[in-house]
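# Working through the structure, step by step
Now for the letters of each chain:
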Amino acid sequence: MSSIIEASAALRKRKNLRRGINFTLMVVGESGSGRSTFVNTLCGQQVVDVSTSVLLPTDNSTQIDLQLREETVELEDEEGVKIQLNIIDTPGFGSSLDNTQSFNVISDYIRHQYDEILLEESRVRRNPRFKDGRVHCCVYLINATGHGLKEIDVEFMRALGPLVNIIPVVSKADSLTVEELKLNKRLIMEDIDYYNLPIYNFPFDEGALSDEDYETNMLLRSLTPFSIIGSNELYDLGDGAMIRGRKYSWGTLDVEDSSISDFVVLRNTLLISHLHDLKDYTHEVLYERYRTEALSGESLPPLSSGTKEHQGSPSISAKSSLQGPADVQSTSSKAPNQDTYLAREEQIRLEEERLKAFEERVQQELLLKRQELLQREQELREIEDRLEREANENSEVSV
Ligand SMILES: Nc1nc2c(ncn2[C@@H]2O[C@H](COP(=O)(O)OP(=O)(O)O)[C@@H](O)[C@H]2O)c(=O)[nH]1
Ligand SMILES: [Mg+2]
């Protein structure tokens, strides 16, 4: 008996290996922040064309709409386990005067993936080819040369954090000295704490973790926000070994050098050590909360709230328009109640709209099924008629 179980477990494992693990990563950051370069560096190949990627408004009135672009890459780790990595790039993010629209496009996409699962779960007969498109992690790129967070960073993390695992990352770490990088990391963390932004902070249940995992998570927390250096070029350092790096007048920098950035740590976290944790957290916590909200028809506490404690944080109105890199500190301290109230109203309205859209989809689904049923009935009737006709003809012939 046990050998059968073992055999089936082995079979399952082989099947998983063949099919690969599915992981969806979204990369968000303003134009020129290094999204494309990061994706190429992460995958070790040219996934995104960088030459066409920099979208800059020609003047202030130009409105660039956010787009979501999906690419799929198959990666294989040392043990031959395949990862089907879906990458969602967000060209145009942060290029408008008012970024609420960008936030909505992203949040609608994430919610839509949850709705699809909800719908699939409620089906009597499951679709074997159903594709789970939930976003398991969102890497959010922060400008290295800013001091702490900008208003757009705060608002993005506040709005999207309850829906998706956000990992904040300082890009282009090579533009800072070691000391500057340390300072900026600290300022960013202070802002994240101050506004209680719901980032993925390597949550753990002390009882359920081994000492080793506990230490890993503590270390990863202490490194947050991770700093990265990306490059689209490979260089031969003379000994035949190729490195992905950046070339300067004084020499070449290796993006995988752990003493100058956390890139390797981030890659290992995303693709190896926390891949399953990120997926589990998406399913068990983020999706579950969304599901409860959608099915009960009542909205949960304000979006910025959740498992990641938010009480008492000063609120920035979700409606406040983003006029350039305003100082975060000053905007929040004078956020009037009226704005919060309006933001709340707006939120309720959006949630109602979403629920309505969901209901409509369910209705449409029902209608489609009903039509299908009617068509089947019609086909059946035609077959019956034909059989009857044939039977009659046959009997006429034999008479
Ligand atoms: N110094 C430095 N430049 C970078 C880094 N990553 C990307 N860049 C450069 O920044 C520019 C914009 O990068 P890109 O990946 O196209 O940004 P995107 O618009 O966010 O996709 C390009 O010229 C890149 O070579 C980095 O880590 N360090
Ligand atoms: Mg790009």
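Residues numbered from 1 in each chain as written. Chains lettered and ligands numbered in written order. Predicted model: local features only at pLDDT ≥ 70, side-chain atom pairs only at ≥ 80, totals over all residues. Heavy atoms only, no water.

## Thoughts on the overall build of the protein chain
Stated precisely, the cut-off is as follows: Runs of E in the DSSP output that reach at least two residues are strands. Runs of H or I that reach at least four are helices, and both are numbered from the N terminus. Relative accessibility under 20% of the residue-type maximum defines a buried residue, over 50% an exposed one, and the middle range a partly exposed one, all with a 1.4 Å probe and only protein chains included. Any two residues whose heavy atoms approach within 4.5 Å at even a single point are treated as in contact. To measure how exposed things are, a 1.4 Å probe is used in the Shrake-Rupley method; for residues, cover is taken only from the protein chains shown.
Of the regular secondary structure elements, the protein chain holds 10 helices and 9 strands. In the protein chain, which comprises 399 residues, the share counted as buried stands at 39%. Within the protein chain, contacts between residues at least 6 apart in sequence are counted, and of these 73% link residues at least 24 apart. Just so you have it, the protein chain exposes about 22900 Å², and 51% of that area is on carbon and sulfur atoms.

## Let's talk about the site of ligand 1
Counted only if it meets this: Residues are counted as near a molecule or strand when any one of their heavy atoms sits within 4 Å of it. In protein, a polar contact means a hydrogen-donor-capable atom and an acceptor-capable atom, both N or O and within 3.5 Å, with residues adjacent in sequence counting only if both atoms are side-chain atoms; elsewhere, any N or O pair within 3.5 Å suffices.
Near ligand 1 there are 16 residues, and of these Gly32, Ser36, Thr37, Asp174 and Gly230 occur at the shortest range. Within the side chain of Asp174, one N or O atom sits 2.7 Å away from a nitrogen atom of ligand 1. For ligand 1, the protein covers 80% of the area, taking 570 Å² as the surface of the free molecule.

## Focus: the environment of Arg35
Along the chain, Arg35 turns up in helix α2 (residues 35-43). Under the relative-accessibility criterion, Arg35 is labelled buried at 4%. Note: C-alpha distance between Arg35 and Val50 (15 residues apart in sequence) is 9.2 Å. Excluding residues within four positions of it along the chain, Arg35 makes contact with Val27, Val28, Gly29, Glu30, Asp89, Thr90, Pro91 and Leu141. Within the structure, Arg35 has its side chain in polar contact with the backbone oxygen of Glu30 (distance 3.4 Å). There is a polar contact of 2.7 Å between the side chain of Arg35 and the side chain of Asp89.

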